[in-house]
Amino acid sequence: MALADDFDGFLIDLDGVVWEGREMIPGAVVTLRELLDAGKEIVFVTNNPGKLASAYTERLQGAGIPVADDRVVTAGEATAGLAAEHAGPGGRAFTIGAPAFHETVAAAGLEAVPTPELSRDGPGEVEADVVIVSGHRDFGYAELLTAARALQGGAKLFATSRDPTVPMPGGAWPGTGAVLAAVETASGATAMIGGKPESHLFELAQQRLRCSFPPDNREKEQRSGLGRLAMVGDRVSSDIEGGRRAGLATILVLSGATTRAEAERASPPPDHVVADLAALLA
């Protein structure tokens, strides 16, 4: 019996699981189509808010995966919502991230605080209620200095994740965690995380599913065979730990950020370790 047969639905990460950079991971498309054809519930959950959720949906659909428009949830959505809740109506946000992440923050109702032109005396006072961080390729010193000034002035720090890297062909690239480390070091602030492994992203994903998260009594749920969900990801510290905290079964794939040796050292370990997404149907 295939591992997928044990579950009614899956939360599935994207980077390192479905694709790596611009390349689809071999077998991922066929596997996802077969899971959906079998009636499995799937919501894609990503810590990467470099694109809007709709753009990720379009990419999946363009690859031939018949995913519904509401079945991608990003850490950007979760983090922007948390920050907006803290800042309140009319709240001001200094945002570090890709253009799509700025759009997500604006959609949450936050007023953008621009990066000021730097003089020899720095940006001066920065009036912001929140600073929101996500990694992006154009991160620079002006953003770091502005964020530090805003946080020193009393703003609250939020970030999409602490993932240090993003899986890419040829080797990992620095991720949000690397940028966040610079901001926290420069300011002395500690971020509230909106993405995995915290609960906020999982709560958003739950709202998109027709089968429920398992109750606290996980052993009883396993015996019943009803509404069993699994988190499928490539990173122990975010995907697997987040799934564990949410009460889900956890499946680590070795196609992304984690090696088998690292998986074997994990404590607590994932419930299952497989080579890639295709192994769910093997």
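On a predicted model such as this, the values are computed, not experimentally measured, just so you know.

(A) The pairing of strand S4 (residues 41-46), seen in detail. Burial analysis of S4 places 6 of its 6 residues in the buried class, the great majority of the element. Neither face of S4 is open: one carries Glu41, Val43 and Val45, the other Ile42, Phe44 and Thr46, and all of them are buried. The sheet contact formed by strand S1 (residues 9-12) and S4 spans 4 bridges and is parallel. By the bridge assignment, Gly9 is partnered in S4 with Glu41. Each parallel crossover has a hand, and for S4 linked through helix H2 (residues 53-62) to strand S5 (residues 72-74) it is right-handed.

(B) Looking closely at the layout of surface pockets. Of the voids in this model, the largest pocket is the one considered here, and its volume is about 1000 Å³. Among the secondary structure elements, those contributing two or more residues to the lining of the largest pocket are H2, helix H4 (99-107), strand S10 (165-166), strand S11 (173-174), helix H6 (176-187) and helix H9 (236-245). A per-class count over the lining of the largest pocket returns 12 nonpolar, 14 polar and 12 charged.

(C) Main features of the nonpolar core. Ranked by size, the top nonpolar core spans 30 residues in total, and within it Phe10, Ile12, Val18 and Phe44 carry the most contacts. Mapped by element, the contributors of at least two residues to this core are S1, helix H1 (28-37), S4, H2, strand S13 (229-233) and strand S14 (249-253). It is H1 that contributes the most residues to this core, 4 residues altogether. Apart from residues no more than four positions distant in its own chain, Ile12 is found in contact with Val17, Val18, Leu32, Ile42, Val43, Phe44, Val45, Val232 and Leu277. Ala128, Leu144, Ala150 and Ala155 belong to the second largest nonpolar core, which has 19 residues in total.

(D) Looking closely at the packing of aromatic side chains. Applying the stated rule across the entire model yields 2 aromatic pairs. Summarising the aromatic geometry, the rings of Trp19 and Tyr56 are spaced 6.1 Å apart at their centres and angled 25 degrees between planes, so their arrangement reads as stacked. Remark: Tyr56 occurs in helix H2 and Trp19 occurs in strand S2 (residues 19-20); sequence separation between them is 37 residues. In this structure, Trp19 and Tyr56 share a single accessibility class: buried. A cation over an aromatic ring shows up here: Arg59 above the ring of Trp19, its NZ or CZ 3.8 Å from the ring centre.

(E) Looking closely at the sheet that holds S14. Across the sheet, 6 strands lie side by side as S5-S4-S1-S13-S14-S15; this open sheet has parallel pairing. Of all strands in the sheet, those bounded by a partner on one side alone are S5 and strand S15 (272-274). For this sheet the average axis-to-axis angle between neighbouring strands, irrespective of direction, equals 25 degrees. Examined bridge by bridge, S14 and S15 share 3 bridges and lie parallel to one another. Bridging from a neighbouring strand, Val253 pairs with Val274 of S15. Helix-sheet contacts for H1 involve S1 and S4, and the interaxial angle to S4 is about 140 degrees.

(F) Molecular detail of the packing of helix H3 (residues 75-87) against helix H7 (residues 199-208). With their axes 9 Å apart at the nearest point, H3 and H7 run at an angle of 110 degrees to one another. Overall, the two elements H3 and H7 adopt an arrangement that is roughly perpendicular. The chirality of how H3 crosses H7 is right-handed. Of the residues in H7, those touching H3 at Ala75, Glu77, Ala78 and Leu82 are His200, Leu201, Leu204 and Arg208.

(G) Up close: the sheet that holds strand S12 (residues 192-193). The sheet built from 5 strands is open, its strands ordered S7-S6-S8-S9-S12 with parallel pairing. Lying at the two open borders of the sheet, with one neighbouring strand each, are strand S7 (111-112) and S12. In terms of strand pairing, strand S6 (residues 92-96) meets S7 through 2 bridges, oriented parallel. Residue pairing in the sheet places Ala93 in a bridge with Ala112 of S7. The strands touched by H3 are strand S8 (130-133), strand S9 (156-159) and S12; relative to S9, the strand with the most contacts, the crossing angle is about 165 degrees.

(H) Region of interest: the packing of helix H5 (residues 141-152) against H6. Where H5 contacts H6, the axes come no closer than 9 Å and their chain directions differ by 50 degrees. Judged by the inter-axis angle, H5 sits oblique to H6. Classified by chirality, the crossing of H6 by H5 is right-handed. Note on element contacts: H6 touches H5 through Ala182, Val183, Ala186 and Ser187, opposite Leu144, Ala147, Ala148, Leu151 and Gln152. Split by residue class, the contact of H5 with H6 holds 7 nonpolar, 2 polar and no charged.

(I) Spatial organisation of the side chain of Ser161. Relative to the elements of secondary structure, Ser161 occurs in the loop between S9 and S10. Reaching out from Ser161, the side chain makes a polar contact with the backbone nitrogen of Asp163 at a distance of 3.1 Å. In contact with Ser161, other than residues within four places in its own chain, are Asn47, Thr176, Gly177, Leu180, Ile193 and Lys196.

Reading the values: rules and limits
- Residues numbered from 1 in each chain as written.
- Predicted model: local features only at pLDDT ≥ 70, side-chain atom pairs only at ≥ 80, totals over all residues.
- Heavy atoms only, no water.
- Buried < 20%, exposed > 50% of the residue type's maximum accessible area, 1.4 Å probe, protein only.
- Helix = DSSP H or I, 4+ residues; strand = E, 2+ residues; numbered from the N terminus.
- Pairing = 2+ DSSP bridges.
- Right-handed = clockwise from strand over helix to strand, strands pointing away.
- 1 Å grid on protein atoms, 1.4 Å probe; cavity = no way out; pocket = protein on both sides within 12 Å on 5 of 7 lines; lining within 4 Å.
- Points joined across faces, edges and corners; volume = space filled by probe spheres on them.
- Nonpolar A, V, L, I, M, F, W, Y, C, P; charged D, E, K, R; others polar.
- Core = buried A, V, L, I, M, F, W, Y, C linked by side-chain atoms within 4.5 Å.
- Contact = heavy atoms within 4.5 Å.
- Phe/Tyr/Trp six-rings, centres within 6.5 Å; stacked < 30°, edge-to-face > 60°.
- Lys NZ or Arg CZ within 6 Å of the ring centre and 35° of its normal.
- Axes fitted to C-alpha atoms, helices over the stretch in contact; angles between N-to-C directions.
- Parallel < 35°, antiparallel > 145°, perpendicular 65-115°, else oblique.
- Left-handed = near helix turned anticlockwise from the far one by under 90°.
- Polar contact = N/O pair within 3.5 Å; in protein donor to acceptor, adjacent residues only side chain to side chain.

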